Amino acid sequence: MAQMMSGGCACRAIRYECEADPVFMLNCHCRDCQKANGSAFAAILAVPVAAVRLSGETRYYRVVGDSGHPVDRGFCQACGSQVTIKIGRRPDVLGLQAGCLDDPSVYRPTKDLFTSSAQSWDPMDRTLKKDPKDP
Ligand SMILES: [Zn+2]
Ligand SMILES: [Zn+2]
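A brief look at the structure comes next. Everything quoted here is computed from the prediction, not taken from an experiment.

### A closer look at the overall build of the protein
Here is step 1: Within the protein, the secondary structure is distributed over one helix and 11 strands.
Here is step 2: Listing the helices and strands of the protein from first to last along the sequence gives β-β-β-α-β-β-β-β-β-β-β-β.
Here is step 3: The globule rule puts the C-alpha radius of gyration for 135 residues at 14 Å, and the 14 Å found for the protein is close to it.
Here is step 4: When its C-alpha atoms are laid out on the principal axes, the protein stretches across 35 × 35 × 25 Å.
Here is step 5: The contacts of the protein with a sequence gap of at least 6 include a subset with a gap of at least 24, amounting to 54%.

### Here we look at unusual backbone geometry
Here is step 1: Phi angles above zero are rare outside glycine, and arginine 12 is one such case at about 70°.
Here is step 2: Among the secondary structure elements, arginine 12 is positioned in the loop between strand 1 (4–8) and strand 2 (15–19).
Here is step 3: Its identity is not glycine, yet phenylalanine 114 carries a phi of approximately 55°, on the positive side.
Here is step 4: Here phenylalanine 114 shows up in the loop between strand 10 (111–113) and strand 11 (129–131).
Here is step 5: Phenylalanine 114 gets classed as buried once you count the C-beta atoms within 10 Å, which come to 25.

### A closer look at the nonpolar core
Here is step 1: If you look at the biggest cluster of nonpolar residues, it comprises 26 residues, and the most contacted ones within it are Cys28, Ala42, Ile44, Val47 and Leu96.
Here is step 2: Residue assignment for this core shows that the elements contributing at least two residues are strand 2, strand 3 (24–28), strand 4 (42–48), strand 7 (70–76), strand 8 (82–87) and strand 9 (93–97).
Here is step 3: In terms of residue count, the dominant contributor to this core is strand 4 (five residues).
Here is step 4: When near neighbours in sequence (up to four residues on either side) are disregarded, leucine 96 contacts Gly7, Leu45, Val47 and Thr84.

### Section: the sheet that holds strand 3
Here is step 1: Strand order in this open sheet of eight strands is 6-7-8-9-4-3-10-11, and the pairing throughout is mixed. Across the chains shown, the open sheet's two edge strands, defined by having one partner strand only, are strand 6 (58–64) and strand 11. For this sheet, the mean inter-axis angle between neighbouring strands, taken without regard to orientation, is 30°.
Here is step 2: Bridge analysis of strand 4 against strand 9 gives five bridges, and the strand direction is antiparallel. By the bridge assignment, isoleucine 44 is partnered in strand 9 with glutamine 97.

### A look at the environment of tyrosine 60
Here is step 1: In this fold, tyrosine 60 is placed in strand 6.
Here is step 2: Residue class for tyrosine 60 comes out exposed when judged on the 12 C-beta atoms lying within 10 Å of it.
Here is step 3: Not counting the four nearest positions on each side in its chain, tyrosine 60 is found in contact with Asp72, Arg73 and Gly74.

### Digging into the pairing of strand 1
Here is step 1: With five bridges joining them, strand 1 and strand 2 adopt antiparallel strand pairing. Within the sheet, the bridge partner assigned to glycine 8 lies in strand 2 and is arginine 15.
Here is step 2: Joining the antiparallel neighbours strand 1 and strand 2 is a turn of six residues, in which arginine 12 adopts a positive phi near 70°.

### Description of the environment of methionine 4
Here is step 1: Positionally, methionine 4 belongs in strand 1.
Here is step 2: Along the primary structure methionine 4 and aspartate 21 are separated by 17 residues, whereas in three dimensions their C-alpha atoms are 8.5 Å apart.
Here is step 3: When neighbours within four sequence positions are excluded, methionine 4 is seen to be in contact with Glu17 and Glu19.

### Looking at the environment of alanine 50
Here is step 1: Note on placement: alanine 50 falls in the loop between strand 4 and strand 5 (52–55).
Here is step 2: Sequence separation between alanine 50 and tryptophan 121 is 71 residues, and the spatial gap between their C-alpha atoms is 37 Å.

Parameters and conventions
Residues numbered from 1 in each chain as written. Chains lettered and ligands numbered in written order. Predicted model: local features only at pLDDT ≥ 70, side-chain atom pairs only at ≥ 80, totals over all residues. Helix = DSSP H or I, 4+ residues; strand = E, 2+ residues; numbered from the N terminus. Rg over C-alpha atoms; globule rule 2.2 N^0.38 Å. Contact = placed C-beta atoms within 7 Å. Buried ≥ 20, exposed ≤ 12 C-beta atoms within 10 Å, placed from the backbone. Core = buried A, V, L, I, M, F, W, Y, C linked by C-beta atoms within 7 Å. Pairing = 2+ DSSP bridges. Axes fitted to C-alpha atoms, helices over the stretch in contact; angles between N-to-C directions.

This is the structure in structure tokens:
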């Protein structure tokens, strides 16, 4: 049975619940994720969009990612937390920022993406698969 996951932004204005196994989990080191998260990479788990129940007002802004496809980044207008990601070419899934999970320990990344723009001060897990660019 799929696990129940829940999470939300820092001020709790946005909350979500999801009962589904993640489709993929990865650390994205693209420059856009670095800027959006203000950090070395974004820890993202993607779940079937139909399995997510979102509450609260998520605001989106669109960027064209390093992949060349549009990415809509959802954040809380009150506290600024990055919560969700809509990936243009994968409309079937919703990306969730792993740090916003109530229990982030369920996050098990399988690879590092866009390692060509990974930072030298970001020690990566050597055991994970590396993709220098979007495959
Ligand atoms: Zn918030
Ligand atoms: Zn990225």
